[in-house]
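What follows is the residue order along each chain.
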Amino acid sequence: MPVSLLALALSAFAIGTTEFVIMGLLPEVASDLQVSIPSAGWLISGYALGVAIGAPIMALLTAKLPRKRTLILLMVIFIIGNILCALAYSYNLLMLARVVTALCHGAFFGIGAVVAASLVPPGKQASAVALMFTGLTLANVLGVPLGTWFGQLFGWRATFWGVSVIGVLAFIGLIVSLPTNRNEKPVDLASEFSALSSAKLWLSLLMTVFFAAAMFALFSYIAPLLLEVTGITDRGVSWTLFLIGAGLTVGNTLGGKLADWRVSFSLILSFSLIAVFSLLFSWTSHALWLAEITLFLWAMATFATVPALQINVVRHGKDAPNLVSTLNISAFNVGNALGAWVGGAVIGGGYGLTAVPVSAAVLAAIGLIICLVTFRGSRAQGQPVNA
């Protein structure tokens, strides 16, 4: 295993932690900055918007730079953004700092995935991408709960100082371990944009949108579902979230291996399982152990999709790997917002919490249909990606 993959995974861990830890610190942030909880919640939306818009912009602005230098520059922006978060003395400044931090997010994951795939031989590329994204899953398993606890104990600013330190370690790791690819061809912006004309590329991006929508339609409302339907305690919710995080980690690894074998089969299977387990949870959510088992399997199926989605997008936009890879991260964040909106609309419409998993299953089914349309007549889904 190349050490540089570990540096990419550590970077992903830091970026994932800073994105999601704010959810656990909203009460502390709202109280300290004297704003309402809903207003503090816009710090989450502001970050997601920064990722969705900033990813392709940063990819184009750094198009002429070597990928190693680009990743190092993006990590510098990440560190500066987190330091600004820690120093922010007002809500507006914190929002600005969150947006600055978000600018590096999509481009780093997009370009980092391309670099990860280039570090290993053909046939191992999806596994390499999965290893990088393991940092993101570990951010949910360890980074978010530990960051929340740390912020509650020492103040929310301390969490952002801590993430800044992790960012510095990742920055050093990237400098030391990432190889300089002297054979890397300079990016031709004209070919980058021409690659966007592929219909299958846009279908692949749409696939990512509905994957994220299916995931976050359920995941955004998992706490009230567990508390009010399953009937577990607040502490039980924390343990269940840890279990889900473990499922995400296992699924990410298995999904990488499956995508190395055949991308199309991996995606069709994953979307099918997400739909089945989401629908099943609307029934098993009433019983503790059945709910826990279902959620673990749902989490495995969910993140088993991630490596294949990333590889699939790059394959269909192989003439512009940096740009299309970052567009995929933007698509993920669009789906994140769509899924949370759909789940909220179902609840607001009076259909009840148990209807939320059903809506997630419907979104996954739409993603499955897009898969079938995209891969119709294709015979070479197991081909490695030219990174």
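Because the structure is predicted, anything quoted here is derived from the model rather than measured.

J.: Can you help me understand the nonpolar core in this one?
T.: Nonpolar side chains in soluble globular proteins tend to be buried together. Membership of the largest hydrophobic core comes to 89 residues, with the highest contact counts inside it found for Leu8, Phe108, Phe211, Leu267 and Trp298. The residue makeup of this core includes at least three contributed by each of domain 1 (1-179) and domain 2 (195-377). Excluding anything up to four places from it in sequence, Trp298 contacts Met215, Leu218, Phe219, Ile244, Ile274, Phe277 and Ser278. Ranked by size, the runner-up nonpolar core spans 18 residues in total, among them Ile22, Cys85, Ala86 and Met95.

J.: Sorry if this is basic, but what is going on with the domain arrangement of the protein chain here?
T.: You'll often see interface size given as the accessible area lost when the parts meet. In terms of domains, the protein chain is made up of domain 1 (1-179) and domain 2 (195-377). For domain 1 versus domain 2, the separation of C-alpha centres amounts to 21 Å. At the junction of the two partners, domain 1 supplies 30 residues and domain 2 supplies 25 residues. When domain 1 packs against domain 2, the two sides together hide about 2,300 Å² of surface, and 69% of this comes from carbon and sulfur.

J.: Sorry, what's going on with empty space enclosed by the protein here?
T.: Over the atoms, a rolling probe the size of a water molecule traces out where space has been left empty. Summed over the entire model, instances satisfying the criterion amount to 2 cavities of 30 Å³ or more. A volume near 180 Å³ is recorded for the largest cavity. Taken together, 16 residues form the lining of the largest cavity, with Phe133, Leu136, Val306, Ile329 and Phe332 sitting closest to its centre. Breaking the lining of the largest cavity down by element, the ones donating at least two residues are α1 (3-24), α5 (91-118), α6 (125-154), α9 (199-219), α14 (305-316) and α15 (321-348).

J.: Where do I start with the packing of α6 against helix α7 (residues 156-177) in this structure?
T.: The axes of two packed helices give the description: the angle between them and the distance between them. At a closest axis distance of 6 Å, the pairing of α6 and α7 adopts a crossing angle of 130 degrees. In this view, α6 runs oblique relative to α7, as classed from their interaxial angle. Helix-helix and strand crossings are classified by hand; for α6 and α7 the assignment is right-handed. Contacts between α6 and α7 involve Gly147, Phe150, Gly151 and Phe154 from the former and Trp156, Ala158 and Thr159 from the latter. Residues that form the contact of α6 with α7 fall into these classes: 4 nonpolar, 3 polar and no charged.

J.: Can you help me understand the packing of helix α12 (residues 263-284) against helix α16 (residues 355-374) in this one?
T.: In the contact formed by α12 and α16, the axes pass within 8 Å of each other and the chain directions differ by 165 degrees. As summarised for this structure, α12 and α16 are arranged roughly antiparallel, according to the angle between their axes. When you trace α12 past α16, the crossing you get is left-handed. Contacts between α12 and α16 involve Leu267, Ile268, Phe271, Ser272, Ile274, Ala275, Ser278, Leu279, Phe281 and Ser282 from the first element and Pro357, Val358, Ala360, Ala361, Ala364, Ala365, Gly367, Leu368, Cys371 and Leu372 from the second. For the contact of α12 with α16, a count of residues per class yields 16 nonpolar, 4 polar and no charged.

J.: Just checking my understanding: could you explain the packing of aromatic side chains for this structure?
T.: The description of an aromatic ring pair rests on the distance of the ring centres and on the angle between the ring planes. As enumerated under the stated definition, the model contains 8 aromatic pairs in all. With a centroid separation of 6.3 Å and 45 degrees between ring planes, the pair formed by Phe216 and Phe219 is classed as tilted. Within this pair, Phe216 and its partner Phe219 are both found in helix α9, separated by 3 residues, close to a single helical turn. Note on Phe216 and Phe332: the rings are 5.7 Å apart at their centroids and 80 degrees apart in plane angle, and the pair reads as edge-to-face. Residue Phe216 is found in helix α9, and its partner Phe332 is found in helix α15; the two are separated by 116 residues along the sequence. Just above the ring of Trp261 sits the side chain of Arg262; from NZ or CZ to the centre is 5.6 Å.

J.: Explain unusual backbone geometry to me, please; I cannot follow it from the model alone.
T.: Working note: non-glycine residues mostly have negative phi, and peptide bonds are mostly trans. Even without a glycine there, the phi angle at Gln34 is positive, about 55 degrees. Note on placement: Gln34 falls in the loop between α2 (26-33) and α3 (37-61). The class for Gln34 is exposed, based on a relative accessible area of 73%.

Procedures and definitions
- Residues numbered from 1 in each chain as written.
- Predicted model: local features only at pLDDT ≥ 70, side-chain atom pairs only at ≥ 80, totals over all residues.
- Heavy atoms only, no water.
- Core = buried A, V, L, I, M, F, W, Y, C linked by side-chain atoms within 4.5 Å.
- Buried < 20%, exposed > 50% of the residue type's maximum accessible area, 1.4 Å probe, protein only.
- Domains from an automatic or database assignment.
- Contact = heavy atoms within 4.5 Å.
- Buried area = accessible area lost by both parts, 1.4 Å probe.
- 1 Å grid on protein atoms, 1.4 Å probe; cavity = no way out; pocket = protein on both sides within 12 Å on 5 of 7 lines; lining within 4 Å.
- Points joined across faces, edges and corners; volume = space filled by probe spheres on them.
- Helix = DSSP H or I, 4+ residues; strand = E, 2+ residues; numbered from the N terminus.
- Axes fitted to C-alpha atoms, helices over the stretch in contact; angles between N-to-C directions.
- Parallel < 35°, antiparallel > 145°, perpendicular 65-115°, else oblique.
- Left-handed = near helix turned anticlockwise from the far one by under 90°.
- Nonpolar A, V, L, I, M, F, W, Y, C, P; charged D, E, K, R; others polar.
- Phe/Tyr/Trp six-rings, centres within 6.5 Å; stacked < 30°, edge-to-face > 60°.
- Lys NZ or Arg CZ within 6 Å of the ring centre and 35° of its normal.

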